[in-house]
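Below are the chains, spelled out letter by letter.
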Amino acid sequence: AQSVTQLDSHVSVSEGTPVLLRCNYSSSYSPSLFWYVQHPNKGLQLLLKYTSAATLVKGINGFEAEFKKSETSFHLTKPSAHMSDAAEYFCVVHKAAGNKLTFGGGTRVLVKP
Amino acid sequence: DAMVIQNPRYQVTQFGKPVTLSCSQTLNHNVMYWYQQKSSQAPKLLFHYYDKDFNNEADTPDNFQSRRPNTSFCFLDIRSPGLGDAAMYLCATSRKGQGNNSPLHFGNGTRLTVT
């Protein structure tokens, strides 16, 4: 079985300051890990993915995430938040051999001017 | 641009009146998914098609059905919508290969209101 825990349901940052969204996972298999972003009334957009290549993954819009197997973590970071980063973020585990994803509970990001 | 398109963006139906939501894709992906997302929650998988093979989640109510007439289209049918079925419905696609999976590509969703 696999599971995903996003440690913060809400994160509030000021524009221009760093963003950290925390994600821990458990999986019996070598997982693929993803971060998706969802803006209001929109579908989910892929930010970045980890598929057992480089442990530091760079994504779109200045986001990056680091896979740490010893800590079973895949935290998402951005050095400088922008107002357009206000959205819901989902950490997702995808078992390599199956078709199903396991979603974390989501983290809502608020960016203050 | 290749994409996943859901129609309509907003759908209002009456309690008990059947409704169909549609999804089309130009990505030529072999897997199509339907998710239900309620407010402030993660998406919940209802079912998916791997090519023509239908895979229902164990806890998906019988009220929800799906059809995939060809690679490009997939429909979600709600036979008798209840107030609790009001949600955002998301269609997604992926390409499944030998032991690996591409990321999911999502449509913008259809927000269903039940009156």
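Scroll up a little and you will see the structure.
All of the points below concern the structure found in this document.

Calculation criteria
Residues numbered from 1 in each chain as written. Chains lettered and ligands numbered in written order. Predicted model: local features only at pLDDT ≥ 70, side-chain atom pairs only at ≥ 80, totals over all residues. Heavy atoms only, no water. Helix = DSSP H or I, 4+ residues; strand = E, 2+ residues; numbered from the N terminus. Rg over C-alpha atoms; globule rule 2.2 N^0.38 Å. Buried < 20%, exposed > 50% of the residue type's maximum accessible area, 1.4 Å probe, protein only. Contact = heavy atoms within 4.5 Å. Areas by Shrake-Rupley, 256 points an atom, 1.4 Å probe, with all protein chains shown as cover. Lys, Arg positive; Asp, Glu negative; His and termini not counted. Charge placed at Lys NZ, Arg CZ, Asp CG, Glu CD. Salt bridge = Lys/Arg side-chain N within 4 Å of Asp/Glu carboxyl O. Core = buried A, V, L, I, M, F, W, Y, C linked by side-chain atoms within 4.5 Å. Phe/Tyr/Trp six-rings, centres within 6.5 Å; stacked < 30°, edge-to-face > 60°.

1. Notes on the overall build of chain B
Looking only at helices and strands, one finds zero helices and 11 strands in chain B. Scaling as 2.2 N^0.38, a compact globule of 115 residues should have a C-alpha radius of gyration of about 13 Å, and chain B matches this with 14 Å. By the burial criterion, 50% of the 115 residues in chain B qualify as buried. Counting contacts in chain B only where the partners sit at least 6 residues apart, residues at least 24 apart contribute 56% of the total. For chain B, the exposed surface amounts to about 5,600 Å²; the carbon and sulfur share of it is 48%. One finds the centroid of the 11 positive side-chain charges in chain B at a distance of 5 Å from the centroid of its 8 negative side-chain charges.

2. Notes on the pattern of salt bridges
Using the criterion set out here, one finds six salt bridges over all chains in the structure. In this structure, Asp85 of chain A engages Lys78 of chain A in a salt bridge whose closest nitrogen and oxygen atoms are separated by 2.8 Å. Given the relative accessible area of 4%, Asp85 of chain A is considered buried. Overall, the relative accessible area of 11% leaves Lys78 of chain A in the buried class. Between Asp77 of chain B and Arg67 of chain B there is a salt bridge, with the nearest N and O atoms lying 2.7 Å from each other. Placement of the pair is Asp77 of chain B in strand β8 (residues 73-78) and Arg67 of chain B in strand β7 (residues 64-67), with a sequence separation of 10 residues.

3. Side note on the environment of Tyr33 of chain B
All names here are of chain B. By the secondary structure assignment, Tyr33 is in strand β4 (residues 31-37). Taking the relative accessible area as the measure of exposure, Tyr33 reaches 0% and is therefore buried. Separated by 60 residues in sequence, Tyr33 and Thr93 place their C-alpha atoms 6.1 Å apart.

4. Some remarks on the nonpolar core
Within the largest apolar cluster, 26 residues are counted, with the highest numbers of intra-cluster contacts made by Leu21, Trp35, Leu47, Leu48, Phe74, Leu76 and Tyr89 of chain A. Counting residues in hydrophobic clusters, the runner-up holds 18 residues, among them Val19, Met32, Cys74 and Leu76 of chain B.

5. Let's talk about the environment of Ala65 of chain A
All names here are of chain A. Here Ala65 lies in strand β8 (residues 64-68). It is 20 Å that separates the C-alpha atoms of Ala65 and His39, two residues lying 26 residues apart in sequence. The residues touching Ala65, leaving out its near neighbours within four places in the chain, are Trp35, Leu48, Thr55, Leu56, Val57, Phe74, His75 and Leu76.

6. So, the packing of aromatic side chains
Evaluation of the coordinates by the stated rule reveals 14 aromatic pairs over all chains. Consider the rings of Tyr25 of chain A and Phe67 of chain A, whose centres lie 5.8 Å apart with planes at 25°: the pair is stacked. With a gap of 42 residues between them, Tyr25 of chain A in strand β4 (residues 23-26) and Phe67 of chain A in strand β8 connect regions that are remote in the sequence. The class of Tyr25 of chain A is buried, set by a relative accessible area of 8%. When the ring of Phe63 of chain A is compared with that of Tyr89 of chain A, the centres are 5.6 Å apart and the planes differ by 45°; the resulting orientation is tilted. Remark: Tyr89 of chain A occurs in strand β10 (residues 87-95) and Phe63 of chain A occurs in the loop between β7 (56-58) and β8; sequence separation between them is 26 residues. Here the aromatic cluster, defined as three or more aromatic residues joined through ring pairs, consists of Phe34, Tyr36, Phe90 and Phe103 of chain A together with Tyr33, Tyr35 and Phe106 of chain B.

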